[in-house]
Amino acid sequence: MLANQGYAAYANNKIMTASPAELTLMLYEGAIKFANLAIAGMETNDIEKAHTNIIKVERIIEEFQSTLDHKYPVAKDFDEVYNYLMMRLREANLKKDKEIMEEVLKHLRTMRDTWKEVMKTAHVK
């Protein structure tokens, strides 16, 4: 019990002290984690696990969309990608389709890796 409290305090501190760039990276990591858990749920026919984790990925994508700054033209491109991912997530959830989730996961990993490169190039923390 004490170890769990210690980890929770550590995790909370990590989030509270993270830069906006690091928070974005954490969200991508979370979306990837939940997508993997949804796939695992599908593989074991655990419909509730698959559904719950797809919803978590959707919430992260919604957060990304809500924070887009539309004064920059690239925001429109990101919005279109996020809309596509949301459409695919809904379809994966309805059909409990592992292949669709793997496609979404591939896109999320690409976006995460690109974000890491942006952070390195811009020397952002």
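Scope of this entry: the structure provided in the associated data block.

Reading the values: the criteria
- Residues numbered from 1 in each chain as written.
- Predicted model: local features only at pLDDT ≥ 70, side-chain atom pairs only at ≥ 80, totals over all residues.
- Heavy atoms only, no water.
- Helix = DSSP H or I, 4+ residues; strand = E, 2+ residues; numbered from the N terminus.
- Buried < 20%, exposed > 50% of the residue type's maximum accessible area, 1.4 Å probe, protein only.
- Polar contact = N/O pair within 3.5 Å; in protein donor to acceptor, adjacent residues only side chain to side chain.
- Contact = heavy atoms within 4.5 Å.
- 1 Å grid on protein atoms, 1.4 Å probe; cavity = no way out; pocket = protein on both sides within 12 Å on 5 of 7 lines; lining within 4 Å.
- Points joined across faces, edges and corners; volume = space filled by probe spheres on them.
- Nonpolar A, V, L, I, M, F, W, Y, C, P; charged D, E, K, R; others polar.
- Expected span 1.5 Å × (residues − 1).
- Axes fitted to C-alpha atoms, helices over the stretch in contact; angles between N-to-C directions.
- Parallel < 35°, antiparallel > 145°, perpendicular 65-115°, else oblique.
- Left-handed = near helix turned anticlockwise from the far one by under 90°.

### What to know about the side chain of Glu103
When you line up the elements, Glu103 lands in helix 5 (residues 98-121). Owing to a relative accessible area of 19%, Glu103 belongs among the buried residues under this scheme. Reaching out from Glu103, the side chain makes a polar contact with the side chain of Arg88 at a distance of 2.7 Å. Not counting chain neighbours up to four residues away, the residues in contact with Glu103 comprise Tyr84 and Arg88.

### With respect to the layout of surface pockets
Put simply, the largest pocket is a space of about 470 Å³. Every residue lining the largest pocket is counted, 20 residues in all, and those nearest its centre are Thr24, Leu68, Phe78, Tyr82 and Trp115. The set of elements that each furnish at least two residues to the lining of the largest pocket consists of helix 2 (20-43), helix 3 (47-66), helix 4 (74-95) and helix 5. Here the residues of the lining of the largest pocket are counted per class, giving 14 nonpolar, four polar and two charged.

### So, helix 2
Its 24 residues give helix 2 an end-to-end C-alpha distance of 35 Å, which sits within 8% of 34 Å, the value for a rise of 1.5 Å per residue. Along its buried surface, helix 2 packs onto helix 3, helix 4 and helix 5.

### Description of the packing of helix 2 against helix 3
The geometry of helix 2 relative to helix 3 is characterised by a closest axis approach of 7 Å and an angle of 160° between their N-to-C directions. With respect to their mutual orientation, helix 2 and helix 3 come out roughly antiparallel. Crossing hand, helix 2 versus helix 3: left-handed. Two secondary-structure elements touch here, helix 2 through Thr24, Leu27, Tyr28, Gly30, Ala31, Phe34, Ala35, Leu37, Ala38, Ala40, Gly41 and Met42 and helix 3 through Lys49, Ala50, Asn53, Ile54, Lys56, Val57, Ile60, Glu63 and Phe64. Residues that form the contact of helix 2 with helix 3 fall into these classes: 14 nonpolar, four polar and three charged.

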